[in-house]
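# Structure at a glance
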Amino acid sequence: MLVRGNEAVDVAVVGAGPYGLAVSAHLRGAGLSIRTFGRPMGAWRDNMPKGMFLKSAFLATSISAPGRGLSLADYCDENHITEIDDFHPLPIDTFINYGLDFQRRLVKEVEEVKVDSIVPLSGGFRVSLDNGESFAARKVVAAAGHMYFAYTPDTLADLARGQSKPGLLTHAGDHDDFDRFAGKSVAIVGAGQSALESAVLLREAGAKVHLVVRGSSLEWIDPPSKDDGLLRSLVKPNTPFGPGWSHFFFTRAPELVTYLPANLRLLLAHGTYGPSGSWWLRGRFDGAIDVRLGTEVVVAREVNGKAVLNLRNRAGAASALIVDHVLAATGYKVDVGRLDFLDAGLRRGLRRVPGSGAPALSRSFESSVPGLYFVGLSSAATFGPLQRFVHGTDFAARTVARALAASASHTAAPVFAPAA
């Protein structure tokens, strides 16, 4: 149900990636009136390079729907897409097309309009859009995704602040392809999937690639096992993220993570499934990539239009690397202060998980601001590493929809006056 004008909607959902679409689909299934804002699958379409494959296993990459028949496997069956399963990597184009098909079927009225501000009202929120419209919503779900939280270390950020030649430094999330780097030299800082796959894609695009890694080795995820015997399942039960009791705990009972101390939850959220490359990528990672293990960037600066990285290895030996471009594959760090669509006073008043910039959430994903919910990466510090992956959409969407449906019948309409 699409509601406009001064009539309050039950829920405004900000974001139309997997989490925003899943929550919207479940809220609609619960009979709530909603408006959803964002570019459908926008970060996947605009901020991930062509030729990329997903790190997640096939069976762990479905967007949660309130009914049957809308899983990734169903989409592949309907479209006669074969040779994609847990033993074959999933191309990003296939996942994007699946997400867009999900949106067309279940969340038809996604509005590709920017949300300018969300301000608390008595009983709800005023949502203002960049087309000049304002409306009232009883609840808000922030599903803004990871791009708001792209993290670049200070040693590299200094390069961006001091450069006279634009484009010497970018984040791995800034690119939808690497073709423009053909014939260029590129230094990648990082050791996770993003760094390793970017290194391969850049080399295949014709770039000379240098990979700077703080650790003493590169880590690779083992390929999935076809041995699902009883003994193995007891010792290491299989999960969508690989075998092991810890993985079983995170994926089957994320609500239990909320009972852990904040420092342990943060350790789990960031330390589980740490920097590593997928098993299927290892065969494409060859000797043409210059890997600097046990090495960190001390200073980064521009000299004559080039990026100069002063490096130091674990033995204390210094060296310099001169390249045309630096790619920060340094991940994402949640800080709700960077969500500029939230009113500045609202952001300041949000209670954080101690030791982080992540919002402190209830067991229904509600923040310390009544009626404001966060899902996806923003919720990992409360519910654990499952919320970093598409597989987490099911727990998040069902939990939020259940909580909002229960409160809808006895929530008063917000006190709303249109913006002047």
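One structure accompanies this document, and this report is about it. (Residues numbered from 1 in each chain as written. Predicted model: local features only at pLDDT ≥ 70, side-chain atom pairs only at ≥ 80, totals over all residues. Heavy atoms only, no water.)

In a beta sheet, neighbouring strands pair by backbone hydrogen bonds and run either parallel or antiparallel. Here five strands make up an open sheet; going across it, the order is β6-β13-β7-β8-β9 and the pairing parallel. Edge strands, defined here as strands with exactly one partner in the open sheet, are β6 (169–171) and β9 (290–292). Pairs of neighbouring strands in the sheet enclose a mean axial angle of 20 degrees, with direction left out of account. Relative to strand β13 (residues 325–328), β6 is paired through three bridges, and the arrangement is parallel. Within β13, the position partnered with His 171 by the bridge is Ala 328. (Pairing = 2+ DSSP bridges. Helix = DSSP H or I, 4+ residues; strand = E, 2+ residues; numbered from the N terminus. Axes fitted to C-alpha atoms, helices over the stretch in contact; angles between N-to-C directions.)

This part is about helix α6 (residues 193–204). Taking 1.5 Å per residue, 12 residues should reach 16 Å; α6 reaches 16 Å between its end C-alpha atoms and fits that length. Contacts made by the buried residues of α6 are with β7 (185–189), β8 (208–212) and β13. Positioned one or two residues after α6, Gly 206 has a phi angle of 100 degrees, which is positive. (Expected span 1.5 Å × (residues − 1). Contact = heavy atoms within 4.5 Å.)

Here the focus is the pattern of salt bridges. This model, assessed by the stated rule, comprises 16 salt bridges. Two residues, Lys 114 and Asp 116, come together in a salt bridge whose shortest N-O distance is 3.6 Å. Its relative accessible area of 35% is what places Asp 116 among the partly exposed residues. The partner of Arg 284 in a salt bridge is Glu 204, and the shortest N-O contact between them spans 2.9 Å. Within this pair, whereas Arg 284 is found in the loop between α10 (262–271) and β9, its partner Glu 204 is found in helix α6, the two being separated by 80 residues in sequence. The exposure class assigned to Glu 204 is partly exposed, which follows from its relative accessible area of 43%. Here the salt bridges do not stand alone but share partners, grouping Arg 203, Glu 204, Arg 284 and Asp 286 into one network. (Salt bridge = Lys/Arg side-chain N within 4 Å of Asp/Glu carboxyl O. Buried < 20%, exposed > 50% of the residue type's maximum accessible area, 1.4 Å probe, protein only.)

It is worth spelling out the side chain of Glu 197 at this point. Note on placement: Glu 197 falls in helix α6. Lacking a salt bridge, the buried Glu 197 has Arg 284 as its closest oppositely charged neighbour, with an N-O distance of 5.0 Å. Apart from the residues within four sequence positions on either side, Glu 197 is in contact with Gly 51, Met 52, Phe 53, Trp 280 and Leu 281. (Lys, Arg positive; Asp, Glu negative; His and termini not counted.)

Okay, unusual backbone geometry next. Within the chain, His 80 stands out as a residue other than glycine whose phi angle is a positive 55 degrees. By the element assignment, His 80 lies in the loop between α3 (72–78) and α4 (92–106).

This part takes up the pairing of strand β11 (residues 306–313). Relative to β11, strand β10 (residues 295–303) runs antiparallel, the two sharing eight bridges. Paired with Val 297 across the two strands is Leu 311, which belongs to β11. The antiparallel pairing of β10 with β11 creates a hairpin that spans two residues between the two strands, and Asn 304 there sits at a positive phi of about 55 degrees. Where β11 hands over to strand β12 (residues 318–323), the hairpin turn is made up of four residues, of which Gly 316 adopts a positive phi near 90 degrees.

This part takes up the packing of aromatic side chains. In this description, a pair of aromatic rings is defined by centroid distance and the angle of the planes. A complete count under the given rule lists 12 aromatic pairs for this structure. Each ring, one from Phe 95 and one from Tyr 98, has its centre 6.0 Å from the other, and the planes form 50 degrees; the classification is tilted. Separated by three residues within a single helix, Phe 95 and Tyr 98 lie in helix α4, roughly one turn from each other. With relative accessibility at 0%, the residue Phe 95 sits in the buried group. The exposure class of Tyr 98 is buried, given its relative accessible area of 1%. Judged by centre distance (6.2 Å) and plane angle (55 degrees), the ring pair of Phe 178 and Phe 181 falls under tilted. Like Phe 181, Phe 178 is buried. Clustering of aromatic rings is evident, with ring pairs tying together Trp 44, Tyr 75, Phe 95, Tyr 98 and Phe 102. (Phe/Tyr/Trp six-rings, centres within 6.5 Å; stacked < 30°, edge-to-face > 60°.)

With that out of the way, let us pick up the pairing of strand β5 (residues 134–142). Burial within β5 is extensive, with nine of its nine residues counted as buried. Looking at chain direction, strand β1 (residues 9–14) and β5 are connected through five bridges and run parallel. Within the sheet, the bridge partner assigned to Val 13 lies in β5 and is Val 141. Linking strand β4 (residues 124–129) back to β5 in an antiparallel pair, the connection comprises four residues, with Gly 132 at a positive phi of about 95 degrees. Summarising the sheet, β5 and strand β14 (residues 372–374) pair through three bridges and their orientation is parallel. Opposite Val 141, over in β14, you have Tyr 373 as the bridge partner.

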